[in-house]
Amino acid sequence: MTSSEDAYPSLDAAGSGIGCLHLNIPTLVVSNNHISNSFDGDDRGYADGVSPVSSLYLSNMGQRRESFLYRSDSEFDLSTKSISRHSSLASDSIDPTTLYKLQKVSQYTPRHEDVIVTPFAQILQTLRTVRSNFIYITKVANPKMRRGSSCAPQPTTSNNNLKHSGLIIDDENQKMARDTLDELDWCLDQLETMHTHRSVGDMASNKFRKMLGKELTAFEADDSNPVGNSRVSDFIFQNYLNKEQELDLPSPKEQDGVNKLPVSTAMSSDSVGPSSSEISSNHSNRHIQTISHRVLSKTDSLSNTIPECPEDIPVSGVETTHQQELMQYLGEVDNWGIDVFKISELSNNRPLTCITYTIMKKRNLLNTFQINPQTLVTYLMHLEAHYHQDVPYHNNMHAADVVQSAHVLLNAQPIFNDLEVLATLFACAAHDVDHPGVSNQFLVTTENRLAWLYNDESVLENHHISLAFQLLKDEGCNIFDNLAPKQWKSVRKMAIDMVLSTDMSKHMGLLAELKTMVETKKVAAAYELKLDNYAERIQVLQNLVHCADLGNPAKPLQFYKQWTDRITEEFFNQGDEEKRRDISLSPMCERPENKALRDESVAKTQVGFITYIVHPLWETWGDLVSDASTQLLHLEDNRDYYDKMYQDCVKKRLTETSTVPALTPSGEDVADNE
C-alpha cells in the first residue's frame, strides 16, 4: 500500500508550485486566561469528570529494553538534550548533577528502566526535567508536589542563606519564579491529561467547543425569545460540531441482556437496509433511491446541448442566445461576489458548466493536462445534470458559486501547483452532486440505504465524490484520461480528502487544526509556513474549500439574502418531511406559522451562524492570506443587517402583544363594554 505522501507527486523547488504562506502577524499576545484544567473530552454526565470505565494500570516492573524502539535517534547524537529525551520516568526525583552523571553512564549499558521513546512523551518528560531543574536553580519556595515525582518539596530558603550561597534572589524574583512555575505546571497539566489517541488540533477543538458552549449559553439567556435562541444553539451544535460517541456501559443488572436487540430494531440476517418499496417517493428521498447514477442516453435532452466537436463549443462552454451578455458576467470571474443567479439565467441554467469551463480555460489547465474541451464540457454537463433543480440550496448554482469562490481564494495565494488546482476545482464542482436536500442526520435517522452503505459517516459527502468519479466512466466524460498514473492517483486522493472535509460536522476540527497550525508557527517565530508535505498542503486546501462552501455570508448582502432564503426553504422542506414521517424535527426545520415569525427566526439564525461559525473561520483564514478584509467586511455588514432585522421583529412582536385588547370571561372586548 502506498502512503499519501508516496502518492503525492514529487515537487522540486523550481516551478513546482511549492511556496511559503506568509502569516499575517498582528501583535502576538499570549493569554494567561486558561479556560479549563483540561482541553480533552466532554465529561458531562460523570461525577467529577470521572467516567465509570474501569482503569488499566501500567506495569511498574523493570524489564530489558532491546527492541529497535529503544535505540537512540542517532548513533552519534550524544548531546545533553538527546540524553534528556531518553531519560527514565524517575529522572525528576534526582538532582540535576547526579542525573547528568547517571545519564552519561546509561548510554552504554542495557536499559532496564522505562525509557521514553515516543516524541510526545519525550516532550512531556523533558518539561518535567526542566521543572525539576528550575526548582533546583531558583530555590523557589514551597513548590507543589506533582504526580509521579518522588522528590519532596524544596524547603523554604531565606534570602540570607541564598546570599551566603552566592545567589541573590529578591522577593520580586521569587514571585516571578513562583509565577513561572505555576505556568509550567499548567502546561504539564494540559499535556498529562491529553488523550493520546487524538491530534494536537483536538486540544484546540475541545477548547473551542467549550468556549462556544459558554457563548451559546449566554446567547440563549436573551429574554426576548428564549425558545428561538435555544433552537439556534441546537442547530449549531447538531450541524457544525462532530458529536463524540457516547459510552453506554451496562450495569451489572443489565448484563444478561447486553447482546439482545430490542424487537423494534432487530433485523433479519439478510436485511441490508430499507427496500426500494419502503423509500418514499416524496421530494426529500426520491433523489437517492439507488446508489448508481443514471447514464444520460442519446435521447436525453442534454445530448442536444453537447457540441459534436471542439470547434463547435461556444466561448462560454454552453449554448445560449445571450452569449455576449453572459461573457460580460463571466469576465468578472476573478472577483469576489459575482452574480451567479444572473449567470444561471443567461446560461439556460448551466452556471456550473460555464463557470468551471471558463476558469479552467483561464488557468490553461486544458493544455497543461491535455484535456479535450469537448470531453470537459460533456463531463460538466453530466455532472450538472445530477444536481437537482427542485432542491432550493444544494443545487448547481451553489456548486458553481463554490467553484468560483475557490478560484478567487486560490488566486489570493498562488502557491499551489496546477495539479492541486485541478483537483480543487474538480472537488468544488462535485462536492454536492445528487444532494437530496436533506441532512446526513436525516438519512441516518430514516435508515436510508446510503447511510447503511457508508456506515453513517459523512454519508452525503461520500456519495457526492463517489458519484463524481463514477460519471468519469460515462462515454466521452473522462477528463483525466491523459494524466500520468501518479497524477491520477494524486488527483483522486486530494479530491476525496477535500470533499469529505465539506461535512459540516467537521467544522470545528478543521478550524481548530488550522488555528493550531497558524499559532504554532507564530509562537515559534516561524512566520513562513512552508507547505513542504502533503499533510500541510491538503490541510490548507481543505480549509480553502470549506471557506468557499461557507462563503455566502461573506458575499454582498444582495446575494447573501437570496442564499439565506434558499437554505431556509430547504430546512423547512426537511421539517415538513420529518413531520410526515412522525420523527423528531431537526433544529430550525420547523416551518413558522406566519411570515413575522419566519423573519424573526431567520434573522436570529443568521446572526448566530455568522457570529459562532463563519466569522471565526474567515478570521483564521485571514491569518494565512495577505488580505481577507473584503470577506470580513461583508460578514460584519451582513451580521448587522440581520441583527437589526431581528431587533425590529422583536419590537414589533412585543408591541403587538402589548396592544392586544383584553377580553372579558364572555369573550367580549373590554373596551367595547366601556
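Provided above is the structure to which this section pertains.
Residues numbered from 1 in each chain as written. Predicted model: local features only at pLDDT ≥ 70, side-chain atom pairs only at ≥ 80, totals over all residues. Heavy atoms only, no water.

S.K.: Which parts of the structure should I look at to understand the overall build of the protein chain?
M.R.: Along the backbone of the protein chain there are 25 helices and 2 strands. The proportion of buried residues among the 674 residues of the protein chain is 45%. Pairs at least 24 residues apart make up 78% of the contacts formed inside the protein chain by residues separated by at least 6 positions. Accessible surface for the protein chain amounts to roughly 35600 Å². Of this, 52% is attributable to carbon and sulfur atoms. (Helix = DSSP H or I, 4+ residues; strand = E, 2+ residues; numbered from the N terminus. Buried < 20%, exposed > 50% of the residue type's maximum accessible area, 1.4 Å probe, protein only. Contact = heavy atoms within 4.5 Å. Areas by Shrake-Rupley, 256 points an atom, 1.4 Å probe, with all protein chains shown as cover.)

S.K.: Would you take a moment to explain a negative patch on the surface for this structure?
M.R.: A cluster of acidic side chains, namely Glu636, Asp637, Asp640 and Asp643, defines a negative patch on the protein surface. By the secondary structure assignment, Asp640 is in helix H24 (residues 629–658). Asp640 sits in the partly exposed class, given a relative accessible area of 44%. (Patch = residues over 30% accessible without salt bridge, like charges linked within 9 Å, V, L, I, M, F, W, Y side chains within 5 Å. Salt bridge = Lys/Arg side-chain N within 4 Å of Asp/Glu carboxyl O. Lys, Arg positive; Asp, Glu negative; His and termini not counted. Charge placed at Lys NZ, Arg CZ, Asp CG, Glu CD.)

S.K.: Mind showing me how you'd approach the pattern of salt bridges here?
M.R.: Where charged atoms from two side chains of opposite charge approach closely, those side chains can pair. If you walk through the whole model with that rule in mind, you get 16 salt bridges. With its nearest N and O atoms 3.6 Å apart, the salt bridge here joins Lys515 to Asp623. In this pair, Lys515 sits in helix H20 (residues 507–523) while Asp623 sits in helix H23 (residues 595–624), placing the two residues 108 residues apart along the sequence. Overall, Lys515 belongs to the buried group, its relative accessible area being 18%.

S.K.: How should the packing of helix H11 (residues 351–362) against helix H15 (residues 418–430) be read in this particular structure?
M.R.: A pair of packed helices can be characterised by two numbers: the angle between their axes and the separation between those axes. Where H11 contacts H15, the two axes come as close as 11 Å, and the packing angle between them is 175 degrees. For the element pair H11 / H15, the angle class is roughly antiparallel. Counting all contacts with H11, which are made through Leu352, Thr356, Ile359 and Met360, the residues of H15 involved are Leu422, Leu425 and Ala429. Each residue belonging to the contact of H11 with H15 can be placed in one class, and the counts come to 6 nonpolar, 1 polar and no charged. (Axes fitted to C-alpha atoms, helices over the stretch in contact; angles between N-to-C directions. Parallel < 35°, antiparallel > 145°, perpendicular 65-115°, else oblique. Nonpolar A, V, L, I, M, F, W, Y, C, P; charged D, E, K, R; others polar.)

S.K.: Is there a simple way to think about helix H18 (residues 459–471) in this case?
M.R.: Two residues of an α-helix separated by three or four positions point the same way, owing to the 3.6 residues in each turn. For H18, which comprises 13 residues, the first-to-last C-alpha distance of 19 Å matches the rise-based estimate of 18 Å (1.5 Å per residue) to within 8%. In terms of residue burial, H18 counts as a mostly covered element, since 10 of its 13 residues are buried. Within H18, burial applies to Val459, Leu460, Glu461, His463, His464, Ile465, Leu467, Ala468, Phe469 and Leu471. Looking at the packing, one finds that the buried side of H18 touches helix H13 (373–385), H15, helix H16 (440–445), helix H17 (449–453) and helix H19 (485–500). (Expected span 1.5 Å × (residues − 1).)

S.K.: For this particular structure, what's the right way to read the nonpolar core?
M.R.: Nonpolar side chains in soluble globular proteins generally cluster together in the buried interior. Counting residues in each nonpolar core, the largest one holds 104 residues, and the members touching the most others are Ile355, Tyr379, Leu383, Phe426, Trp618 and Trp621. Per element, the largest residue contribution to this core is 11 residues, and it comes from H23. Not counting residues up to four positions away in its chain, the partners in contact with Trp621 are Leu409, Leu514, Val540, Asn543, Leu544 and Cys547. (Core = buried A, V, L, I, M, F, W, Y, C linked by side-chain atoms within 4.5 Å.)

S.K.: I tried to follow the packing of aromatic side chains on my own but got confused; where do I start?
M.R.: The geometry of an aromatic ring pair is captured by the separation of the ring centres together with the interplanar angle, meaning the angle of the planes. Per the counting criterion, the structure on display carries 10 aromatic pairs. Each ring, one from Phe469 and one from Trp488, has its centre 5.7 Å from the other, and the planes form 85 degrees; the classification is edge-to-face. With Phe469 in helix H18 and Trp488 in helix H19, this residue pair connects regions lying 19 residues apart in the sequence. On the basis of relative accessible area, Phe469 is assigned to the buried category, the value being 8%. Exposure remark for Trp488: the relative accessible area of 32% places this residue in the partly exposed category. When the centroid spacing of 5.0 Å and the interplanar angle of 85 degrees are considered together, the rings of Tyr641 and Tyr642 count as edge-to-face. Its relative accessible area of 31% is what places Tyr641 among the partly exposed residues. A relative accessible area of 4% places Tyr642 in the buried class. Put simply, the rings of Tyr379, Phe426, Phe469, Phe480 and Trp488 pair up and form one aromatic cluster. (Phe/Tyr/Trp six-rings, centres within 6.5 Å; stacked < 30°, edge-to-face > 60°.)

S.K.: Even after reading the chapter, I still don't get the environment of Leu409, so can you show me in this structure?
M.R.: Tracing the backbone shows Leu409 in helix H14 (residues 396–412). Each residue touching Leu409, except ones within four places of it in the same chain, is listed here: Trp336, Leu544, Cys547, Ala548, Trp618, Trp621 and Gln631.

S.K.: Just to check I follow, could you spell out unusual backbone geometry for this structure?
M.R.: Trans peptide bonds make up most of the peptide bonds, and negative phi angles are found at most residues other than glycine. Within the chain, Asn348 stands out as a residue other than glycine whose phi angle is a positive 60 degrees. Within the fold, Asn348 resides in the loop between helix H10 (340–346) and H11. The backbone of Met588 shows a phi angle near 65 degrees, a positive value even though the residue is not glycine. Mapping Met588 onto the fold places it in the loop between helix H22 (557–581) and H23.

S.K.: Help me understand H14 in this model?
M.R.: When the terminal C-alpha atoms of H14 are compared, their 25 Å separation across 17 residues agrees well with the 24 Å that a helix rising 1.5 Å per residue should span. Where burial is concerned, most of H14 is hidden: 15 out of the 17 residues are buried. Residue Asn395 occupies the N-cap position of H14, its side-chain oxygen lying 3.0 Å from the main-chain nitrogen of Met397. (Polar contact = N/O pair within 3.5 Å; in protein donor to acceptor, adjacent residues only side chain to side chain.)

S.K.: It is not clear to me how the environment of Tyr646 should be interpreted in this structure. Could you clarify?
M.R.: Checked against the element boundaries, Tyr646 lands in helix H24. For Tyr646, a relative accessible area of 1% gives the class buried. C-alpha of Tyr646 to C-alpha of Val602: the two residues are 44 residues apart in sequence and 8.3 Å apart in space.

The analysis is restricted to geometry; functional conclusions fall outside its scope.
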